[in-house]
Amino acid sequence: MSTTTTDVSPIPETGAARRRPRPGGPESGGAVKPRRGGRELLAALPWIGPALILIFGVVLFPAVVMFYNSTRDISISGLDQGSVGFDNYIEVFTFPYFWPIFGRTIVWVVVVVAATVIISLGLAQILNKAFPGRRIVRLAVIIPWAASVVMTTMVVYYGLEPYFGIINTFLVDIGLIDTPEGYGWTRNPETAFAWSIVIAVFVSLPFTTYTILAGLATVPGDVLEAAKMDGAGPARTYFSVVLPQLRGALSVAVLINIINVFNSLPILKVMTGSIPGYDADTIMTMIFKYIQNQHKVDVASALSVVAFLIVIVIVAIYVRVVKPMKEV
């Protein structure tokens, strides 16, 4: 008796059968996302319209006017006497003190931002611990932020005055200064600029500290516990676990501080405004002197455009290198 075996070969699939349904497509049963067209944009205008108007009125329109004025010949009385092309920019770049002022501006931004971030990291780590009176200490940290920058600078300025300045008197009492009348800190460009850096760091600490505190609140407790279980010490845990978790908070704090410090005028205006010449100036105080002393609105506008472009380049490089929005 013989058994017959039937060889069943697979039927080759046709081109239509080989095609697999796309995820989310009609064949797979997924929902098809509707395309957003003009109706959705029109429906969103009442919500985004005020923001767009605000951006145009506060950012774009002044920028356009600033660039327009930088190409004009504007008299002391404010009369527009016609176009001069890029002559105002040539005057800015050929100004003998421009490049030293540019270098001092970079030093001003780098030193203030770096010192602010380093000190804020320590303050945030302390304020993140539980201790009696922590709420009061946290509120006290906000005081330099809540107070007027000009008021804070004036307090330090008059405190540094010879003969009657309380800071000068204190330095004489503890023996750091030999002369009984104190030292003219605000009369010397180098010392006035150095004290301006101290004030800028002081007033920048609250925002940076609270930004880092917010980042510390997001560090998972189980990650810290796991590091402790693995035998990592406090320093190793901080630099290997905590600090990488603060990437987003630090990126935002540094970026905003760069913009604020670069555009800062009140501190340097109060501390170095009485010093003749340009030995303690940054780009912002140079713009102010062009308007106040020389009444050159056109050249000041050109310098403002240059400062704007410098900030844009710095921010673009920073965002490109650091990538603040990148997930850790």
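Everything discussed here concerns the structure shown above.
The model shown is predicted, which means the values in this text are computed figures rather than measured ones.

S.K.: Can you walk me through the overall build of the chain in this structure?
M.R.: Broken down by element type, the chain carries 15 helices and 2 strands. Within the span of the chain, comprising 328 residues, buried residues form 34% of the whole. Taking as baseline every contact in the chain between residues at least 6 positions apart, the subset at least 24 positions apart corresponds to 65%.

S.K.: Would you mind showing me how to read the environment of Thr237 here?
M.R.: In this fold, Thr237 is placed in helix H11 (residues 234-245). Residues Thr237 and Val223, spaced 14 residues apart in sequence, show a C-alpha to C-alpha distance of 9.6 Å. Setting aside residues up to four positions removed in sequence, Thr237 forms contacts with Leu224, Ala227, Ala232 and Val242.

S.K.: Help me out: how do you make sense of the nonpolar core in this one?
M.R.: Soluble globular proteins tend to pack their nonpolar side chains together in the buried interior. The biggest cluster of nonpolar side chains holds 59 residues, and the ones touching the most others in it are Trp108, Phe262, Ile283 and Leu303. The residues contacting Phe262, other than those within four sequence positions of it, are Thr105, Val109, Ile283, Met284, Ala307, Ile310 and Val311.

S.K.: How do you make sense of the side chain of Arg104 when you look at a structure like this?
M.R.: Within the secondary structure layout, Arg104 lies in helix H4 (residues 98-127). Lacking a salt bridge, the buried Arg104 has Asp279 as its closest oppositely charged neighbour, with an N-O distance of 5.0 Å. In terms of polar contacts, Arg104 uses its side chain to reach the backbone carbonyl oxygen of Tyr278, at 3.2 Å. Residues within four places of Arg104 in sequence aside, it is in contact with Phe193, Tyr278, Asp279, Ala280 and Asp281.

S.K.: How should I be thinking about the environment of Tyr238 in this particular structure?
M.R.: Turning to its location among the elements, Tyr238 is positioned in helix H11. Distance from Tyr238 to Gln125, taken between C-alpha atoms, is 9.6 Å for residues 113 residues apart in sequence. What Tyr238 contacts, discounting residues up to four positions off in sequence, is Leu121, Gln125, Leu243 and Pro244.

S.K.: Explain helix H14 (residues 283-292) to me, please; I cannot follow it from the model alone.
M.R.: Because an α-helix packs 3.6 residues into every turn, residues spaced three or four apart end up facing the same way. Counting buried residues in H14 gives 7 out of 10 residues, a clear majority hidden from the surface. Among the residues of H14, Ile283, Met284, Thr285, Met286, Ile287, Lys289 and Tyr290 are the ones counted as buried. Where the residues of H14 are buried, they touch H4, helix H12 (247-262), helix H13 (266-272) and helix H15 (297-322).

S.K.: How should the packing of helix H10 (residues 221-229) against H11 be read in this particular structure?
M.R.: In the contact formed by H10 and H11, the axes pass within 11 Å of each other and the chain directions differ by 145°. The interaxial crossing formed by H10 with H11 has right-handed handedness. Note on element contacts: H11 touches H10 through Thr237, Val241 and Val242, opposite Val223, Leu224 and Ala227. For the contact of H10 with H11, the per-class residue count stands at 5 nonpolar, 1 polar and no charged.

S.K.: Is there a simple way to explain the pairing of strand E2 (residues 80-83) in this structure?
M.R.: Within a regular strand, the side chains alternate between the two sheet faces. Bridge analysis of strand E1 (residues 72-74) against E2 gives 2 bridges, and the strand direction is antiparallel. Within the sheet, the bridge partner assigned to Arg72 lies in E2 and is Ser83. In sequence, E1 turns back onto E2 through a hairpin of 5 residues, with Gly78 there showing a positive phi of about 95°.

S.K.: What should I look at first to understand the pattern of salt bridges in this one?
M.R.: Any two side chains of opposite charge can pair, given that their charged atoms come close. Counting across every chain of the model gives 3 salt bridges. Residues Glu91 and Lys296 are paired through a salt bridge, measuring 3.0 Å at the closest nitrogen-oxygen approach. Of this pair, Glu91 sits in helix H3 (residues 87-94) while Lys296 sits in the loop between H14 and H15, and the two are 205 residues apart along the sequence. Assessed through its relative accessible area of 29%, Lys296 is described here as partly exposed.

S.K.: Whenever I open this one, unusual backbone geometry confuses me. Can you help?
M.R.: The backbone of Tyr163 shows a phi angle near 75°, a positive value even though the residue is not glycine. Looking at where Tyr163 falls in the secondary structure, it is placed in the loop between helix H7 (149-159) and helix H8 (166-173).

S.K.: What should I look at first to understand the packing of aromatic side chains in this one?
M.R.: Summed over all chains, the structure comprises 17 aromatic pairs. Taken together, a centroid distance of 5.8 Å and an interplanar angle of 80° make the contact between Trp99 and Phe102 edge-to-face. One end of the pair, Trp99, and the other, Phe102, are both in helix H4, 3 residues apart, so they sit about a helical turn from each other. Assessed through its relative accessible area of 48%, Trp99 is described here as partly exposed. On the numbers, 5.4 Å between centres and 85° between planes, the contact of Tyr157 with Tyr158 is edge-to-face. Overall, Tyr157 belongs to the buried group, its relative accessible area being 12%.

S.K.: What exactly am I supposed to notice about the environment of Ser304 here?
M.R.: Along the polypeptide, Ser304 turns up in helix H15. A sequence separation of 17 residues divides Ser304 from Ile287, and the C-alpha atoms of the two residues are 7.0 Å apart. If near-sequence neighbours (up to four positions away) are discounted, Ser304 is found in contact with Met66 and Ile287.

S.K.: What am I meant to see in the packing of H4 against H12 here?
M.R.: Geometrically, a packed helix pair is captured by the angle between its two axes and the distance between the axes. Where H4 contacts H12, the two axes come as close as 9 Å, and the packing angle between them is 145°. The two elements H4 and H12 meet at a crossing, and its hand is right-handed. Here Thr105, Trp108, Val109, Val112, Val113, Thr116, Val117 and Leu121 of H4 come into contact with H12, specifically with Leu250, Val254, Asn257, Ile258, Val261 and Phe262.

What counts, and where the lines are drawn
Residues numbered from 1 in each chain as written. Predicted model: local features only at pLDDT ≥ 70, side-chain atom pairs only at ≥ 80, totals over all residues. Heavy atoms only, no water. Helix = DSSP H or I, 4+ residues; strand = E, 2+ residues; numbered from the N terminus. Buried < 20%, exposed > 50% of the residue type's maximum accessible area, 1.4 Å probe, protein only. Contact = heavy atoms within 4.5 Å. Core = buried A, V, L, I, M, F, W, Y, C linked by side-chain atoms within 4.5 Å. Lys, Arg positive; Asp, Glu negative; His and termini not counted. Salt bridge = Lys/Arg side-chain N within 4 Å of Asp/Glu carboxyl O. Polar contact = N/O pair within 3.5 Å; in protein donor to acceptor, adjacent residues only side chain to side chain. Axes fitted to C-alpha atoms, helices over the stretch in contact; angles between N-to-C directions. Left-handed = near helix turned anticlockwise from the far one by under 90°. Nonpolar A, V, L, I, M, F, W, Y, C, P; charged D, E, K, R; others polar. Pairing = 2+ DSSP bridges. Phe/Tyr/Trp six-rings, centres within 6.5 Å; stacked < 30°, edge-to-face > 60°.

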